[in-house]
Amino acid sequence: MKSISDAIALGWAAMAGGKSPWGGSGGDGSGSGKGSDGGEASGESDPAKEGTEGGDKSAGDPAPPPPPGPRNPWLSGSDSKPPRRSASMDDILRARIKGPGGSGGGGGRGGLPPFPRRADGRSWLPIVAGGVVGLWLLTSTAHMLGSNEQGLVSTFGRYSRPIYSGVSLTLPWPIETVTVEDVTSIRRDSIPEGDAEKLMLTSDQNLVDISYIVRWNIKDLKLYTFQLDDPEDTVKEVAEAAMRASIAEVPLKAAMGGEGRAYLEPKTRERMQAVLDAYHSGVLIQGVEIKKANPPAKVNDAFQKVSAAQQEANRDISNANAWAQQVTARAQGDAAAFDKVYAQYKLAPDVTRRRMYYETMERVLSANDKVILQSSGVNTYLPLPEIKQRAAEPKEGQ
């Protein structure tokens, strides 16, 4: 069977009109080509041609030198060596695989590096392969779960059994696969994420920008894994739907106040749990916490002004109520004092009337600088300020 290089040489010879690309005829593709003048490139002679061209030659005569002309590059330079055939593609590939030293195992410039061997000459390949298999068996059959974790074992993709905290053994992958989830830790979903705006409609047809946090954990891992396609997104969507339904039941003022939050948070949690139980989601809602409830950002400034005006009005109303309470208390005190005086007046009317007159006149006249009297034989004007001033000035010589 001819090699690939022989077939290529024959094709070149056919295209070149029967001539070998190395200078010979290339008819047999053997690798001993001829020069351009018809002379043979090899050191051996053809007996048939010797008889026809030059007659019989003695054994002791030296061989004629090869004729000048192009030579086959794959032939040896010495005539004493046997002729070499042209290198085939199989020989080239075999040489690249064996490397420059000619030994198997790679190491050539185009091949793989030789695999190291043990001291006794045996290969490390069986030991390495055994270690890889052992590591694969260890990692795919032994499973260590934490106290807050739970796993599900599937046999060829079909649910088989649950495994719990501790060490559990299963069949190696891909026969059995294990899905592990944290079932006790509380997960927190912030709706909306970041500083995004979430507008909801209240019962009085107003918009409120609300953000809240949903706290939940896994109640049934089997339902959580196999019942819903994306449980986390389902929890978020159910939370938004439940919050919208709850916001629609309260007015804007209540939604923004503390009394509204006291109603919205437990109501939203109750609605979420009812929907998720209907979905058989295996999720337990721990609570809902409202972070903020503000008017939309576009009308927030106007709303703040309205709120400030309402606060001022409430403050004025509170001040008026306080002043009214003080006046009422003072009037009630005066009425009680008058009742006491009236009780004494009924016991001694003349004496009580005179005493009240004196007390009243003392209270009134003590604040006046001038006193005018209408009585016969008495000066109608009393210079009380001058009298007081003279009484206060020190006498001369003191």
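To be clear, the structure that these remarks concern was listed above.
Now for a quick tour of the structure.

## Some remarks on the overall build of the protein
- The helix and strand inventory of the protein stands at eleven helices and eleven strands.
- Residues counted as buried form 22% of the 398 residues belonging to the protein.
- Total accessible area computed for the protein in this model is approximately 27,800 Å², and 56% of it derives from carbon and sulfur atoms.

## Quick look at unusual backbone geometry
- That bond from Trp173 to Pro174 is cis: its omega, 10°, falls within 30 degrees of zero.
- Counting through the fold element by element, Pro174 comes out in the loop between β4 (166–169) and β5 (176–182).
- Of note, the bond from Ile191 into Pro192 is cis; its omega dihedral lies within 30 degrees of zero at -5°.
- In this fold, Pro192 is placed in the loop between β6 (187–191) and β7 (199–201).
- Even without being glycine, Phe156 reaches a positive phi, approximately 50°.
- Take Phe156: it is sitting in the loop between β2 (149–155) and β3 (158–163).
- With relative accessibility at 64%, the residue Phe156 sits in the exposed group.
- Positive phi is not limited to glycine here, since Gln205 has a value of about 65°.
- Residue placement: Gln205 occurs in the loop between β7 and β8 (207–218).

## Focus on the side chain of Gln273
- By the element assignment, Gln273 lies in helix α8 (residues 258–278).
- A polar atom in the side chain of Gln273 sits 2.8 Å from the backbone nitrogen of Ile285.

## Topic: α8
- If you check α8, its first and last C-alpha atoms are 31 Å apart, about what 21 residues at 1.5 Å a residue would give, namely 30 Å.
- Buried residues belonging to α8 abut β8, α6 (231–247), α7 (252–256) and β9 (283–294).
- At the C-terminal side of α8, His280 shows a positive phi close to 55°.

## Points about the packing of helix α9 (residues 300–347) against helix α10 (residues 349–365)
- Contact geometry for α9 and α10: axes closest at 6 Å, N-to-C directions at 130°. Compared by their axis directions, α9 and α10 come out oblique. On the side of α9, the interface is formed by Val341, Gln344, Tyr345, Lys346 and Leu347, while α10 contributes Pro349, Thr352, Arg353 and Met356.
- When its residues are assigned to classes, the contact of α9 with α10 shows five nonpolar, two polar and two charged.

## Some words on the nonpolar core
- Counting residues in hydrophobic clusters, the biggest one holds 30 residues, and the most contacted among them are Tyr212, Val214, Trp216, Met243, Ile247 and Met272.
- Once residues within four sequence positions are removed from consideration, Met272 is found in contact with Val214, Val235, Val238, Ala239, Ala242, Ile285 and Val288.

## Considering the packing of aromatic side chains
- Inspection of the entire model under this criterion finds three aromatic pairs.
- Look at Tyr159 and Phe226: their rings are 5.8 Å apart centre to centre, the planes differ by 65°, and that puts the pair in the edge-to-face class. Highlighted residues: Tyr159 in strand β3 and Phe226 in helix α5 (residues 221–226), separated in sequence by 67 residues.
- Judged by its relative accessible area of 42%, Phe226 is partly exposed.

Rules and cut-offs
Residues numbered from 1 in each chain as written. Predicted model: local features only at pLDDT ≥ 70, side-chain atom pairs only at ≥ 80, totals over all residues. Heavy atoms only, no water. Helix = DSSP H or I, 4+ residues; strand = E, 2+ residues; numbered from the N terminus. Buried < 20%, exposed > 50% of the residue type's maximum accessible area, 1.4 Å probe, protein only. Areas by Shrake-Rupley, 256 points an atom, 1.4 Å probe, with all protein chains shown as cover. Polar contact = N/O pair within 3.5 Å; in protein donor to acceptor, adjacent residues only side chain to side chain. Expected span 1.5 Å × (residues − 1). Contact = heavy atoms within 4.5 Å. Axes fitted to C-alpha atoms, helices over the stretch in contact; angles between N-to-C directions. Parallel < 35°, antiparallel > 145°, perpendicular 65-115°, else oblique. Nonpolar A, V, L, I, M, F, W, Y, C, P; charged D, E, K, R; others polar. Core = buried A, V, L, I, M, F, W, Y, C linked by side-chain atoms within 4.5 Å. Phe/Tyr/Trp six-rings, centres within 6.5 Å; stacked < 30°, edge-to-face > 60°.

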